[in-house]
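Here are the chains, one letter per residue:
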Amino acid sequence: MGNVLDEQPTGTCEGEAVTFGEDLHVVAAGMLRRGGRGLLLHRAPTRRWYPDCWDLPGGHVESGETPDEALHRELLEELGVTAVVTGDRFAQVRGEDFRMDVWVVDQWDGEPANLDPTEHDALAWLDHHEMTALRLADPRLAVLFEAALH
């Protein structure tokens, strides 16, 4: 298993919270690495949840999916890549109403591209120093980014 970060985030992007009663949102995310850099996506300003900030690619785990299966599907839908998602997750980020399982992804087929501009309006390969200057969906992403790139 990897790092578990469960303290409450501070300084997250502002947006209307999505609430589903007592349900926990389970999210799968991938840290794609290439050449000492990681891939982040900029969430469109029109998004209801965490608008106008940078985040890892990924999304909600659907009914009947495991988190690693969801990540494989999300990376294909969002970026057009067929990722090799294997092994234990690298980290887990917990919040009051969500759990995000994060895998480091070093192998994929295809070149990442923004396939849904309504969700994301930019993507960037960044080193740790560059990403710390950005407005992140969750400030704990900086710790994960640094650990994954070193």
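Residues numbered from 1 in each chain as written. Predicted model: local features only at pLDDT ≥ 70, side-chain atom pairs only at ≥ 80, totals over all residues. Heavy atoms only, no water.

**Student:** Looking at this structure, how should I read the overall build of the chain?
**Tutor:** When you go through the chain residue by residue, the secondary structure sums to three helices and ten strands. When the helices and strands of the chain are listed from N to C terminus, the series reads β-β-β-β-β-α-β-β-β-β-β-α-α. When burial is assessed residue by residue, the chain has 44% of its 150 residues classed as buried. When the accessible surface of the chain is split by element, carbon and sulfur atoms take 49% of a total near 7,700 Å². (Helix = DSSP H or I, 4+ residues; strand = E, 2+ residues; numbered from the N terminus. Buried < 20%, exposed > 50% of the residue type's maximum accessible area, 1.4 Å probe, protein only. Areas by Shrake-Rupley, 256 points an atom, 1.4 Å probe, with all protein chains shown as cover.)

**Student:** Help me understand the pattern of salt bridges in this model?
**Tutor:** Any two side chains of opposite charge can pair, given that their charged atoms come close. Per the stated rule, a full pass over the model turns up twelve salt bridges. Here Glu-119 makes a salt bridge to Arg-47, at a shortest N to O gap of 3.6 Å. One end of the pair, Glu-119, is in the loop between strand E9 (108-109) and strand E10 (120-126); the other, Arg-47, is in the loop between strand E3 (37-43) and strand E4 (54-55), with 72 residues separating them in the sequence. The exposure class assigned to Glu-119 is partly exposed, which follows from its relative accessible area of 25%. Given a relative accessible area of 23%, Arg-47 falls into the partly exposed group. One salt bridge connects Arg-135 with Asp-52, and the closest N-O pair in it is separated by 3.8 Å. Of this pair, Arg-135 sits in the loop between helix H2 (128-132) and helix H3 (141-149) while Asp-52 sits in the loop between E3 and E4, and the two are 83 residues apart along the sequence. The exposure class of Asp-52 is partly exposed, given its relative accessible area of 34%. One salt-bridge network, in which partners are shared between bridges, spans Glu-62, Glu-65, Arg-73, Glu-74 and Glu-77. (Salt bridge = Lys/Arg side-chain N within 4 Å of Asp/Glu carboxyl O.)

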